[in-house]
Amino acid sequence: KKAHLMEIQINGGDIAAKVDFGVGLLEKTFPISKIFTKDEMIDLIAVTKGKGYEGVTTRWGTSRLPRKTHKGLRKVACIGACHPSKVK
């Protein structure tokens, strides 16, 4: 089991005040309303779960090839014409 970690940027004031504020919050439970106000815009960064090395069928959801294909059926065959090189 992994620990639940959260990183919050502390703005305003000098560095000593920021450190004191952060140290005061360590290992304490606090309501979200103490940090954020209603309708405040926040930036989020998320990391998805690692799924290791995947082929195109799992990674992009392409359909499998027929049973009798040469050299495997979980590969990409035709994905469209070369020209025009973009979908209009």
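Engineer: How should I be thinking about the overall build of the protein in this particular structure?
Structural biologist: A count of helices and strands for the protein gives two helices and zero strands. Relative to its length of 88 residues, the protein is extended, with a C-alpha radius of gyration of 25 Å against a globular reference of 12 Å. With the C-alpha coordinates aligned to their principal axes, the bounding extent of the protein is approximately 65 × 40 × 25 Å. For the protein, with 88 residues in total, the buried portion stands at 2%. Accessible area of the protein: about 9,400 Å², with a carbon and sulfur share of 58%.

Engineer: When you look at the side chain of Thr57 in this model, what are you seeing that I'm missing?
Structural biologist: As for its placement among the helices and strands, Thr57 is situated in helix H2 (residues 56-60). Judged by relative accessible area, Thr57 falls into the buried class, the value being 12%. A polar contact of 3.2 Å, which involves the side chain of Thr57, links it to the backbone oxygen of Arg74. In this view, Thr57 contacts Thr62, Arg64, Arg74 and Lys75; residues no more than four positions away in its chain are not counted.

Calculation criteria
- Residues numbered from 1 in each chain as written.
- Predicted model: local features only at pLDDT ≥ 70, side-chain atom pairs only at ≥ 80, totals over all residues.
- Heavy atoms only, no water.
- Helix = DSSP H or I, 4+ residues; strand = E, 2+ residues; numbered from the N terminus.
- Rg over C-alpha atoms; globule rule 2.2 N^0.38 Å.
- Buried < 20%, exposed > 50% of the residue type's maximum accessible area, 1.4 Å probe, protein only.
- Areas by Shrake-Rupley, 256 points an atom, 1.4 Å probe, with all protein chains shown as cover.
- Polar contact = N/O pair within 3.5 Å; in protein donor to acceptor, adjacent residues only side chain to side chain.
- Contact = heavy atoms within 4.5 Å.

None of this, on its own, says anything about what the molecule does.
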